[in-house]
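Next come the chains, spelled out residue by residue.
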Amino acid sequence: MKIKLKIRHKILLFILLTTVLIYAFAIGFISIKSKQMAFDDAIKISDNYVKGAANDVRVYFESYLTTVQDLGNTFKVYQDIKEENRRDVISKIMIRSLQANPDFLAIWSTWEPSSIDNLDHLYANEKGSSIIGNFGHLYYKLNGEIKFDESVESNAVSVYSGDYYQKPKESKREVILDPYFYSYSKNKENEIHETSIVVPIISDSRFLGVIGVDIQLSQFQEIIENVKPFENSIAFLMSNNGVYVANPNPEFIGKTVIELFPEESKEQGVMEHIADGEFLSYTVIGLDGSMYYVVYAPIEIGNTGTPWSIGIAVPIGKVMSKASKNFKISLLVGIIGLLILSFIIYTISNNITIPILKITEFLKNLSKGHIGTEMFVKIKSGDELEVMGEALNKSITGLIEKTEFARDIGNGNFETSVELLSEEDILGESLIEMRDKLKKAQEEENIRKTEDEKRKWANEGLALFGDVLRKNTENLKELAFDIIINTVNYLKANQGGLFLKNEDDQNDIYYDLIATYAFDRKKFNEKRIHHGEGLVGTCAIEKETIYITDIPQDYIAITSGLGGATPNSILIVPLKIEEVILGVLEIASFNTFEPYQIEFVEKIAQNIASTLSSVKVSEHTSQLLEKTQQQAEEMAAQEEEMRQNMEELQATQEEAARKTSEMESFINALNSTSFVAEYDLNGKITFVNDAYLNLFGISQKEAIGTHHSENVDFTEEQKRRYQQFWKDLKSGMVKKEKTKVSIKNNAFLFMESYTPIYNEDGEIYKILKIANDISEYIEK
């Protein structure tokens, strides 16, 4: 008889297994912990080593910076030196400082114009220059001798744009420049990798200039070569802008870390940490394929605000070699012990491990996302493991169903369903909820796409008709054809017509069919629809869109403006501006029109109406202008005849005495046919005939003394030459003007002739104006 034990009895029976696990864990933990401790110690050593190296380099820079600061402080007492000796004294101090510091390649200073003396004007005059430069000296070492660079002094004014001058001037603090290559002999082959330390000279908050030294950077190569916390470790020195200053590989010198290691630099933020002076460490695979621990330590140089960094790359394999060896020995001892224990408990553990292995295999497959009927487990242990196996088999069945359910949803089948395992089947409920939401999202997306397509279609149509309405604005017929052709084609309709309102005769208002289009061809039909006649006339009266569908083939009572063709749908849209009907647009199609298409046609109908109105106004204006020009030419001919008459009148002034009666008759005739006024030489009315008074509705008393410019609406051109107008009259010239007069809410347009009148002494003493009212001609 087979004995069935509960799992807790089996655990108690095989407690030895726990002992084996504890033993194995203890050995593994101790081995791994020792390896981790060795690695942590190596990191601490590397971090401390690089910090110490950073401090050593900082001491070098601080000593250089202190020397330059002392020079700057020394130069602040320049006022204690006689003005004519200051430049020589400063130069001698610089030379001695360069001699006393073997690490200095050069020493230089640059001063603001007239900052330490008033000799800049004198120096500029001696050199024949109109530019007042600033005082600057550069002394450098070359072949064991100290040389003076005269180009610095002669081009001193150019230093204002250099960073080595502007940065300390603006920040009022010392500056260490980014590394650069320079040759004092001007020979590129002799270029030296160097940097400059610059200190501003400030006295009583006044910036006087800068003092700087050039330092050769190759001296730091020896320092970094001695930085070796572990075998095969690599040390390197970098400037604030990420340039390698010292490195065991000479090819790295002068290149940036982002240039050599772009991915590593970007991933670890190397440039940002160096620029901000922050400590940085990380592990990375080196060029030789080995894993390295890389650490950067900042080097704060005085108050420059541009720290440099020193770094160390330590090969982790070398550091961990001894720890790995100990780990392997411990691991070997542990494996031997575990093998012995495993052999002892092998037989008694099978009863527990085999079912657990089956379940474990199931869970592994499940964790990988694998689901299938082959995952069913068969456990006949008669304990909780057998119950667990049955539950797992049920779960597999449910997951298979849910997988098929999810696959159907992924294929777009939102009508699929799944049976819940129980009321607590959260996964099943979530999948059903997901299906419902995806179904709803799909419906909303379809609606959105449809609306987007409608909006795009409408916007492209508006742009199209914007172009159409800008063309042929001078030819109403061609414009109408362009409108109806593009409307029919864009709506994919079959035919269309454009009726334009004709109200030349207010007693007979009708709508002319000025453009038709059908089956890709223009039609030159002539049709007249009266107000209220048929669908077009009804649309014009109601001022609303008419849309008719399902038109019977024999429904002849409905009269379409297009003639006898019976379409399946007719769209008639009024062309109106602020409820004023200008015409009617009629479109017929064998298809039905969608609401968005009707709305689109209504929108373009407003633009069409506005354009048609402008074109009609333009044509009417052209006609009026042509008529006005014709009348003006006729008036000009009359004026020319009158001018000739006036010239003949002037020629006979000497006989004025004997022809007084004749002149009075002429004046009376003139007063009865024209508007006559007389002005004194100041432009004030002295006489006006009754025709003027009656036209304006004023009395003689109101008119006398009124200035010529009163009640006159001058054009800009008339305003500009008004004074010259009166000068010409006073000089005897006859003038003609077209003048607009507004009085008592009435406006009149006159064609006027001005004639100077002479007295017996031949002097001009008044101006005669003869005017004709041409207002009614312009209105017509």
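Quick caveat: nothing in here was measured; it's all calculated off a predicted structure.

Some words on the nonpolar core
Counting residues in each nonpolar core, the largest one holds 52 residues, and the members touching the most others are F61, I197, I211, F220, L237 and I310. When residues no more than four places from it in sequence are discounted, the contact partners of I310 are V50, A53, A54, V57, I224, F236, L237, V295, Y296, A297 and I299. The next biggest cluster of nonpolar side chains, apart from the first, holds 37 residues, and it includes I483, V488, I514 and F593.

Topic: the environment of F104
Within the element layout of this structure, F104 appears in strand β1 (residues 104-111). C-alpha separation for the pair F104 and K141, spaced 37 residues apart in sequence, amounts to 8.3 Å. Here F104 is in contact with Y64, T67, S97, L98, K141, V213, D214 and I215, once residues within four sequence places are set aside.

Points about unusual backbone geometry
You will see that N143, though not glycine, has its phi angle at about 55°, which is positive. Locating N143 in the fold gives a position in the loop between β2 (136-142) and β3 (145-148). For N143, a relative accessible area of 75% translates into the label exposed. Not every positive phi belongs to a glycine, and K172 is a case in point at roughly 60°. Its location among the elements puts K172 in the loop between α6 (163-171) and β4 (175-176).

Description of a nonpolar patch on the surface
Taken together, L332, I336 and I340 make up a surface patch of nonpolar side chains, about 290 Å² in accessible area. Relative to the helices and strands, L332 is located in helix α12 (residues 321-367).

Some words on the sheet that holds strand β12 (residues 308-315)
The five strands lie next to each other as β9-β8-β12-β11-β10, forming an open sheet whose pairing is antiparallel. A strand with exactly one partner marks an edge of an open sheet, and here the two such strands are β9 (244-246) and β10 (280-285). Taking the axes of each pair of neighbouring strands and ignoring which way they run, one obtains an average angle of 30° across the sheet.

Observations regarding the environment of D690
Inspection of the secondary structure puts D690 in helix α19 (residues 690-696). In this structure the C-alpha to C-alpha distance between D690 and F675, which are 15 residues apart in sequence, comes to 8.1 Å.

Details of the pattern of salt bridges
Under the defined criterion, the tally for this structure stands at 18 salt bridges. The closest approach of N and O atoms between D467 and R470, which form a salt bridge, is 2.2 Å. Of this pair, D467 and R470 both sit in helix α14 (residues 426-470), three residues apart, which is roughly one turn of that helix. Exposure remark for R470: the relative accessible area of 59% places this residue in the exposed category.

Observations regarding the pairing of β10
Both β10 and strand β11 (residues 291-299) contribute to a ladder of six bridges, which runs antiparallel. Its bridge partner being in β11, Y282 is matched across the sheet by V294. Following β10, the chain reverses through five residues before pairing antiparallel with β11; G289 in that reversal takes a positive phi of roughly 90°.

Some details on the packing of aromatic side chains
Working definition: an aromatic ring pair is given by the centre-to-centre distance plus the angle between the planes. A full pass over the atoms with the stated rule returns 34 aromatic pairs. When the ring of F252 is compared with that of F261, the centres are 5.9 Å apart and the planes differ by 75°; the resulting orientation is edge-to-face. Note on accessibility: F252 and F261 belong to one class, buried. Judged by centre distance (6.0 Å) and plane angle (65°), the ring pair of Y547 and F593 falls under edge-to-face. With Y547 in strand β17 (residues 546-549) and F593 in the loop between β19 (580-589) and α17 (595-651), this residue pair connects regions lying 46 residues apart in the sequence. The exposure class assigned to Y547 is partly exposed, which follows from its relative accessible area of 30%. A residue is classified by how much of its surface remains accessible, and F593, at 6% relative accessible area, is buried. Aromatic rings pair up to connect Y60, F61, Y64, F104, F220 and W308 into one cluster. Positioned above the aromatic ring of F279 is the side chain of K51, whose terminal nitrogen or guanidinium carbon lies 5.0 Å from the ring centre.

The rules behind these values
Residues numbered from 1 in each chain as written. Predicted model: local features only at pLDDT ≥ 70, side-chain atom pairs only at ≥ 80, totals over all residues. Heavy atoms only, no water. Core = buried A, V, L, I, M, F, W, Y, C linked by side-chain atoms within 4.5 Å. Buried < 20%, exposed > 50% of the residue type's maximum accessible area, 1.4 Å probe, protein only. Contact = heavy atoms within 4.5 Å. Helix = DSSP H or I, 4+ residues; strand = E, 2+ residues; numbered from the N terminus. Patch = residues over 30% accessible without salt bridge, like charges linked within 9 Å, V, L, I, M, F, W, Y side chains within 5 Å. Areas by Shrake-Rupley, 256 points an atom, 1.4 Å probe, with all protein chains shown as cover. Salt bridge = Lys/Arg side-chain N within 4 Å of Asp/Glu carboxyl O. Pairing = 2+ DSSP bridges. Axes fitted to C-alpha atoms, helices over the stretch in contact; angles between N-to-C directions. Phe/Tyr/Trp six-rings, centres within 6.5 Å; stacked < 30°, edge-to-face > 60°. Lys NZ or Arg CZ within 6 Å of the ring centre and 35° of its normal.

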